[in-house]
Amino acid sequence: MIELRIRPPEPGDGAGIALAWCDFAEYYREIDPESFRSPRRDGLDAWLEGGLLAGGDDRFARVADLGGDAIGFVAAKFMRPHEDADRQPVREVTLPRVFVNALAVQRRHWRSGAGTGLMAAVERWAGAREAHLITLDTYAASPVSVPFYERRMGYRRQSIVFTKRLR
């Protein structure tokens, strides 16, 4: 049996993470084609790989590796308290926190434990950074991601983002 590993990104991961990104985009485009689109694919692997490999103490990235192939990734950022924290009514901006920018797993590997492993890695990193909370957003109408975050990972809904199409 091939073992799933969660590891730092490496050069050469681009093709696998680009496939996960495109699967992510296609899934959401199927749900809501007015809000989502397919990304331009030429150079996508290099663009994604470069973003994940770009370091910094406040950035976190991990890849889900299955038998040497990158099948998914997570990218997150540590955020310090807002510079005007003492004037902010929303408590979370007054605290050190982590924001998950992206989580994507190749569709054929959904429910393999890759997403759970990637999010667990973010949570460990956030804890080591003494973050008080993790925030992220997902599409409210997703029958996959909403239960994943709520039931599987223990996150709770906190806010609603409204949109109104003007053209």
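Everything numeric here is computed off the predicted structure, so don't read it as measured data.

**Focus on the layout of surface pockets**
Of the pockets and cavities examined, the second largest pocket occupies roughly 340 Å³. Forming the boundary of the second largest pocket are 19 residues, of which Gly51, Leu52, Arg59, Ala61 and Ala75 lie nearest the centre. Of the residues assigned to the lining of the second largest pocket, the class counts are 14 nonpolar, 3 polar and 2 charged.

**Side note on the packing of aromatic side chains**
This structure, assessed with the given rule, holds 11 aromatic pairs. A centroid spacing of 6.0 Å and a plane angle of 35° characterise the contact between Trp21 and Phe73, whose relative ring orientation is tilted. Separated by 52 residues along the polypeptide, Trp21 in helix H1 (residues 14-31) and Phe73 in strand S3 (residues 69-79) bring together distant segments of the chain. Classification of Phe73 as buried rests on a relative accessible area of 3%. Between the aromatic rings of Phe148 and Tyr149, the centroid separation amounts to 5.0 Å while the plane-to-plane angle is 70°, which identifies the pairing as edge-to-face. Judged on exposure class, the residue Phe148 and its partner Tyr149 are both buried. Pairwise contacts between aromatic rings join Trp21, Phe24, Tyr27, Tyr28, Phe36, Phe73, Trp110 and Tyr139 into one cluster. Looking at Arg129, its charged tip hangs above the ring of Phe78, at a distance of 4.2 Å from the centre.

**Some words on the sheet that holds strand S4 (residues 97-105)**
Here 5 strands make up an open sheet; going across it, the order is S1-S2-S3-S4-S5 and the pairing mixed. Each edge of the sheet is formed by a strand with only one pairing partner; in this case those strands are strand S1 (4-7) and strand S5 (133-136). Across the sheet, the axes of successive neighbouring strands diverge by a mean angle of 25°, strand direction being ignored. Direction of pairing for S4 relative to S5: parallel, over a ladder of 4 bridges. Each bridged residue has a counterpart across the sheet, and for Val98 the counterpart in S5 is Ile134. Sitting on the sheet, H1 touches strand S2 (59-66), S3 and S4, and the angle it makes with S3 is about 75°. Contacts from helix H2 (residues 44-53) reach S2 and S3, with the element oriented near 45° to S3.

Reading the values: the criteria
Positions within a chain are numbered from 1, following the residues in the order the chain's sequence is written. This being a predicted model, a pLDDT of at least 70 is required before a residue's local features are given, and a value of 80 or more before pairs of side-chain atoms are given or counted; all residues contribute to the totals for chains, interfaces and linings. The side-chain numbers reported here are obtained from all heavy atoms of the structure, hydrogens and water having been left aside. Grid spacing is 1 Å over the protein atoms alone, the probe is 1.4 Å, and a cavity is where that probe fits but cannot get out, while a pocket is an open set with protein on both sides within 12 Å along at least five of seven lines and lining residues have an atom within 4 Å of a point. Grid points are joined across faces, edges and corners, and a volume is the space filled by probe spheres set on the points. Ten residue types, Ala, Val, Leu, Ile, Met, Phe, Trp, Tyr, Cys and Pro, are classed as nonpolar, four, Asp, Glu, Lys and Arg, as charged, and the remainder, Gly among them, as polar. Working definition: rings of Phe, Tyr and Trp (its six-membered ring) pair if their centres are within 6.5 Å, and the pair is stacked with planes under 30 degrees apart, edge-to-face with planes over 60 apart, and tilted otherwise. For helices the rule is a DSSP run of H or I covering at least 4 residues; for strands it is a run of E covering at least 2, with both sets numbered from the N terminus onward. For each residue, the accessible area found with a 1.4 Å probe, counting protein chains only, is set against the maximum for its type, and the residue is called buried under 20%, exposed over 50%, and partly exposed in between. Placement of a charge over a ring requires the Lys NZ or Arg CZ to be within 6 Å of the ring centre, with the centre-to-atom vector within 35 degrees of the ring normal. The pairing criterion for strands is at least two bridges between them, as found by DSSP. To get an axis, fit a line to the C-alpha atoms, keeping to the stretch in contact for a helix; angles then go from 0 to 180 degrees between the N-to-C directions. Residues count as neighbours in contact if any of their non-hydrogen atoms are within 4.5 Å of one another.

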